[in-house]
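Here's the letter readout for the chains.
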Amino acid sequence: MTNQSAAPAARATVYGYPRQGPDRELKKAIEGYWKGRVAADALHAIATELRRSNWRQLAEAGIDEVPTGDFSYYDHVLDTTAMVGAIPERHRASVDADALDGYFAMARGTQDVAPLEMTKWFDTNYHYLVPELGPGTVFDANSAKQVAELKEALALGLTARPVLVGPVTYLLLAKPAPGVPAGFEPLTLLDRLLPVYAEVLADLRAAGAEWVQIDEPALVQDRTPAELNAAEHAYRTLGALADRPRLLIASYFDRLGDALPVLAKAPVEGLALDFTEAAAANLDALAASGGLPGKRLVAGVVNGRNVWINDLQKSLSSLGTLLGLADRVDVAASCSLLHVPLDAAAERDIDPQILRWLAFARQKTAEIVTLAKGLTQGTASIMGELAANRADLASRSGSPITHDPAVRARAEAVTDADARRSQPYAERAAAQRARLGLPLLPTTTIGSFPQTGELRTARADLRAGRIDTVGYEERIKTEIQEVVSFQEKTGIDVLVHGEPERNDMVQYFAEQLTGYLATRHGWVQSYGTRYVRPPVLAGDISRPEPMTVRWTSYAQSLSDRPVKGMLTGPVTMLAWSFVRDDQPLGDTARQVALALRDEVGDLETAGTPVIQVDEPALRETLPLRATDRAAYLTWATEAFRLTTAGVRPDTQIHTHMCYAEFGDIVRAIDDLDADVISLEAARSHMQVARELASHGYPREAGPGVYDIHSPRVPSMEEAAGLLRTGLRAIPAERLWVNPDCGLKTCGWPETRASLENLVAAARTVRSELPAS
């Protein structure tokens, strides 16, 4: 590619950046504030310095236009709710009394007031707080946060672009508030919301914004003609404003499809599109539609969701094609860098050669700057970077880490019979009831119990060499004893060992499987102050030795009640890792499934009567476009069955899913052929129970009656009420009683009280059932 002298210089930019700081300073400050150890002023000061540090780093790296407004104390959709004044009535008093405490109350709830529902942000593992709207919702603009953060960046002498969640996406993500008449559609509030956005845009223009980025990722999903008309109306209205900055409408995660011509024709100054493999069709569609004459195109050619280095030559080729399709072409990642860790250079335990295959947020920023330079000055200006990039790509493709012939041969030998249970569910259920002897409405938990300070200290002491393995394992045994004893005293029917030995439900297994890499500093925000370190799935997968049998068997030795074996399922192992991009996901899932199948077999041989294989990510990984879903669900459900189908009929297989919209995958849940499924349901008021009933789901289910992501303790009456609601959809002989999710992030005081209330609720409702 030669230098495009007639085109303006390409700018390098990003849509958003990790919020937490290099040592998760934001998490520590917020949690300190919740505990009363950090004052509000100190929290604000820490947040301000983190924002400024991010902007300086971006500018020093060569980013020409930094984002503002993408920073959040908890969630950017919740920030939008605050910006447009859509405060639920139950939270209004707390927000009016103290904006910060009220904000956190909406996110986490209080003892007296339930939080907003939380669910996954499209097909990522990031969770957002779902707006609650109704016919009576009154919007009211509050641009203080957006204006203040813009002014902070401008004061540093930077070119800054505020980022807003778009009005169409905001309404499409919203749900009807509790008590709203059936059939209410939040999108009908668009004309009420647009003047609020107009006011915010005017405020940002007055504060110095030349451009404002408005994110509309909901438009990459299948949309009805009415929804597309709403998008057309929204941007015709906002584009016609006299007092506004230039508008850059951003989409990401997939192709725009029918929404592309809608946005291309809108009276706005620019579009930002994803041009990575998941959205490669955007390039052809843009060319076929005549491009964006007179407009700015921000080209997302660096994958913002994965950690592998970019193929710079391939991206330059795409950028060269795009030069003829817009007035100017700038370079960016495909989405906010919120979804990747901060800096691969901080990883000291990964082989230096393998480390060169990885790009976290800072490395992706460097790739963007390199591509912008190459686009502006020609490939001769970046010959050194291109040569190094080619060498790193070749090193990865030829590495023995990525190809294990034995693993590939085993995966290729799988037959349909390997993924089918030996008997139908009805026969299995009878055998399981005879073996387990459980009451109606049996109680259980999802798996993990609180990770205490003592446990974290013991883990840190082991890493630092202050205690040896024997001392650490004694600490684990003591914790298991306490967890089992508590469950027995509380009256829980099916126990768990509490998972004290596990740092994370994916990382724990990844560290024991070949083909995975674990990071030390690769933190990524999941929700609020919850950060995870997704492992890197770098090569072919196998299980050298048992991973869970020892601790599960030890817990079972302490009780006559059944103890569940606990595993993370193959789809979740992929979804919550940075998965390899050099082979189809289905192939990788089959490898992981076979490794887990070995573990399931060893648990059963050890006498484990109940084995739970968690798949909370099954829904979140569902492709955003309906035409892509059948193929995904075929390999995803096969992978689960391949993991679990080898057990005897009287071994009960459980699975668990949480914090997602399940209506789209009820048929796939059925296809898993698990004997029991537990699902999040407390915040959504048992919606999933109704969805299962509507589908005619024939197996056992435990829709959660206790929201573990809030510190509040649900009363016995509240849990019993949810249980009675569940019974209207699922018969008592197939209904379980459990929390929404694992208890690792909870404290022991609320855990004890909540589980005692849960068991009491089950007993109360059980006593109300008619005699058989």
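The structure reproduced in this document is the subject of the present report. Remember, predicted model here, so these are calculated numbers, not experimental data.

**Considerations on the pattern of salt bridges**
In this structure the tally under the stated criterion is 53 salt bridges. In this structure, Glu232 engages Arg236 in a salt bridge whose closest nitrogen and oxygen atoms are separated by 2.8 Å. Placement of the pair is Glu232 and Arg236 together in helix α9 (residues 225-239), with a separation of 4 residues, close to one helical turn. The partly exposed category is assigned to Arg236, whose relative accessible area is 40%. Measuring nitrogen to oxygen at the nearest pair gives 3.1 Å for the salt bridge that ties Asp650 to Arg648. By relative accessible area, Arg648 is classed as partly exposed at 39%. Connected through shared salt-bridge partners, Arg11, Glu65, Arg161, Arg296, Arg328 and Asp330 make up one network.

**A short note on the environment of Leu50**
In this fold, Leu50 is placed in helix α2 (residues 40-61). Given the relative accessible area of 10%, Leu50 is considered buried. Taking the C-alpha atoms as reference points, Leu50 and Glu25, 25 residues apart in sequence, are found 8.2 Å from one another. If we skip the residues at most four places from it in the chain, Leu50 touches Arg19, Gln20, Gly21, Glu25 and Leu26.

**What to know about the sheet that holds strand β18 (residues 652-657)**
The strand order across the open sheet formed by 5 strands is β16-β17-β18-β19-β20, and the pairing between neighbours is parallel. The open sheet has two edge strands, β16 (564-568) and β20 (700-703), and neither has a second partner. Neighbour to neighbour, the strand axes of the sheet diverge by 20 degrees on average, direction disregarded. Inspection of the sheet shows β18 paired to strand β19 (residues 676-679) by 4 bridges, in the parallel sense. Bridge pairing in β19 links His656 to Ser678.

**Points about α9**
In this model α9 runs 21 Å from its N-terminal to its C-terminal C-alpha over 15 residues, within 8% of the 21 Å that 1.5 Å per residue would give. Taken as a whole, α9 has its buried residues at Glu227, Leu228, Ala230, Ala231, Ala234, Tyr235, Leu238 and Gly239. Along the long axis of α9, the arc covered by the buried residues comes to 155 degrees, so they all point the same way. Facing away from the buried side of α9 by more than 90 degrees, the exposed set consists of Pro225, Ala226 and Asn229.

**Side note on the sheet that holds strand β5 (residues 160-165)**
Taken together, the 7 strands give an open sheet; going across it, the order is β1-β5-β7-β8-β9-β10-β11, and neighbouring strands pair in parallel fashion. Edge positions in the open sheet fall to β1 (66-68) and β11 (326-333), since each of these has one partner strand only. Geometrically, the sheet is characterised by an average inter-axis angle of 25 degrees between neighbouring strands, direction not taken into account. For strand β10 (residues 292-302) and β11, the ladder comprises 7 bridges, and the chain directions are parallel. Residue pairing in the sheet places Gly300 in a bridge with Ala332 of β11. Each of β1 and β5 touches helix α6 (residues 144-155); the most contacted strand, β5, lies at about 160 degrees to it. Here helix α12 (residues 312-322) sits on the sheet and contacts β10 and β11; the angle it forms with β10, its principal contact strand, is near 170 degrees.

Rules of the game
- Residues numbered from 1 in each chain as written.
- Predicted model: local features only at pLDDT ≥ 70, side-chain atom pairs only at ≥ 80, totals over all residues.
- Heavy atoms only, no water.
- Salt bridge = Lys/Arg side-chain N within 4 Å of Asp/Glu carboxyl O.
- Helix = DSSP H or I, 4+ residues; strand = E, 2+ residues; numbered from the N terminus.
- Buried < 20%, exposed > 50% of the residue type's maximum accessible area, 1.4 Å probe, protein only.
- Contact = heavy atoms within 4.5 Å.
- Pairing = 2+ DSSP bridges.
- Axes fitted to C-alpha atoms, helices over the stretch in contact; angles between N-to-C directions.
- Expected span 1.5 Å × (residues − 1).
- Arc of directions from axis to C-beta.

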